[in-house]
Amino acid sequence: MPHSPAVRRVPRQARSRARLEAILRAATELVAEGGAESLKMSEVAARAEISIGSLYQYFPDKTALIHTLVERMLTDVGEGVKRLFAEVKSLADLDQAIERTVDGFYQRFLSEPALRDIWYGMLADKALQGLDLEDSRVNAEIVFEALKPLTDEAQWPQLRTACLLILHLAGSAVRMAIAVPRAEGDALMESFKGMIKAQLRELFGQGENPGRKPDV
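Described in the following lines is the structure provided in the data block. As the structure is a prediction and not an experimental result, all values here were calculated from the model.

1. Brief notes about the nonpolar core
Argument step 1. Judged by nonpolar contacts, the single largest core of 63 residues is most densely connected at Phe59 and Leu147.
Argument step 2. Ranked by residues supplied to this core, first place goes to helix α4 (residues 62–85) with 11 residues.

Below you can see the structure in the form of structure tokens.
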């Protein structure tokens, strides 16, 4: 994970890195148990088995700690997107990448309550909203670069815009799906995946790539 600007003390030695991991692990556990709003720095220090002074050497306040948890979550998601879309060479591959990306995203937030609570907390934090948008841009560019060979250069501006819209809306779709009963959430995710596939196939159908024609 890239170093977060929210971290006050940059961990360089193995012992310091281990302490930072213990802090983040403790904070994640406490969020899962009681939510982000009730998180207390004193409880994080106690759970991580460090002094409160040591905790403040790494994070100036609770906000900085939460921001770092969000950044770590977004980094993990981005790495997954990059890995899955690196294998896309055709529209058939694209369908699989969409299925695996959306399903993986959805299942992870269903199974990890702390991530859900942290993610919902982003909605009320303007700084985190900006981070979320920037993350959508980064992931959209990853997807765009993977899909460029599947269509004409003339379609690239529209494709880039579509990728950004899809990646950012994916977050809203998953948030909605995990907030409703499971059967309804599953149906929402299936519908969302179908919408993505239809939009991209329509876009690819607007032109032919003489170098590598998509398999439809």
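Okay, back to it.
2. Remarks on helix α7 (residues 126–147)
Argument step 1. For α7, built from 22 residues, the straight-helix expectation of 32 Å at 1.5 Å per residue is met to within 8% by its first-to-last C-alpha distance of 31 Å.
Argument step 2. Of all the residues in α7, the buried ones are Leu128, Asp132, Asp135, Ser136, Asn139, Ala140, Val143, Phe144, Ala146 and Leu147.
Argument step 3. Along its buried surface, α7 packs onto α4, α5 (91–111), α8 (156–179) and α9 (182–204).

3. What about the layout of surface pockets?
Argument step 1. Roughly 540 Å³ of internal volume is contained in the largest pocket.
Argument step 2. When residues of the lining of the largest pocket are traced back to their parent elements, those giving at least two are α4, α5, α7, α8 and α9.
Argument step 3. Here the residues of the lining of the largest pocket sort into 18 nonpolar, seven polar and seven charged.

4. Quick look at the packing of α4 against α7
Argument step 1. Look at α4 against α7: their axes get within 10 Å of each other, and the N-to-C directions meet at 10 degrees. The orientation of α4 with respect to α7, classified from their angle, is roughly parallel. Across the interface between the two elements, Ile66, His67, Val70, Glu71, Leu74, Val77, Gly78, Val81, Lys82 and Phe85 of α4 pack against Ala127, Leu128, Leu131, Asp132, Asp135, Asn139, Ile142, Val143 and Ala146 of α7.

5. Description of the pattern of salt bridges
Argument step 1. Inspection of every chain in the model, using the stated rule, returns 14 salt bridges.
Argument step 2. For Arg108, the salt bridge goes to Glu112, with nearest N and O atoms at 3.2 Å.
Argument step 3. A salt bridge links Lys193 to Glu190; the shortest N-O distance between them is 2.9 Å. Of this pair, Lys193 and Glu190 both sit in helix α9, separated by three residues, roughly a single helical turn.
Argument step 4. Shared partners join several salt bridges into a network, and the residues in it are Glu99, Asp103, Glu190, Lys193 and Lys197.

6. Overview of α8
Argument step 1. An ideal rise of 1.5 Å per residue puts 34 Å on 24 residues; α8 measures up with 35 Å between its terminal C-alpha atoms.
Argument step 2. All buried positions along α8 are accounted for by Leu159, Ala162, Cys163, Ile166, Ala170, Gly171, Ala173, Val174, Arg175, Ala177 and Ile178.

7. Let's talk about the packing of α7 against α8
Packed helix pairs are characterised by how far apart their axes lie and by the angle those axes make with each other.
Argument step 1. The geometry of α7 relative to α8 is characterised by a closest axis approach of 8 Å and an angle of 130 degrees between their N-to-C directions. Here α7 lies oblique to α8, going by the angle between them. As α7 packs across α8, the resulting crossing turns out to be right-handed. Residues Asp132, Leu133, Ser136, Arg137, Asn139, Ala140, Glu141, Val143, Phe144, Glu145 and Leu147 of α7 form the contact with α8, whose participating residues are Trp156, Leu159, Arg160, Cys163, Leu164, Leu167, His168 and Arg175.
Argument step 2. Partitioned by chemical class, the residues of the contact of α7 with α8 number 10 nonpolar, three polar and six charged.

Reading guide: rules and limits
- Residues numbered from 1 in each chain as written.
- Predicted model: local features only at pLDDT ≥ 70, side-chain atom pairs only at ≥ 80, totals over all residues.
- Heavy atoms only, no water.
- Core = buried A, V, L, I, M, F, W, Y, C linked by side-chain atoms within 4.5 Å.
- Buried < 20%, exposed > 50% of the residue type's maximum accessible area, 1.4 Å probe, protein only.
- Helix = DSSP H or I, 4+ residues; strand = E, 2+ residues; numbered from the N terminus.
- Expected span 1.5 Å × (residues − 1).
- Contact = heavy atoms within 4.5 Å.
- 1 Å grid on protein atoms, 1.4 Å probe; cavity = no way out; pocket = protein on both sides within 12 Å on 5 of 7 lines; lining within 4 Å.
- Points joined across faces, edges and corners; volume = space filled by probe spheres on them.
- Nonpolar A, V, L, I, M, F, W, Y, C, P; charged D, E, K, R; others polar.
- Axes fitted to C-alpha atoms, helices over the stretch in contact; angles between N-to-C directions.
- Parallel < 35°, antiparallel > 145°, perpendicular 65-115°, else oblique.
- Salt bridge = Lys/Arg side-chain N within 4 Å of Asp/Glu carboxyl O.
- Left-handed = near helix turned anticlockwise from the far one by under 90°.

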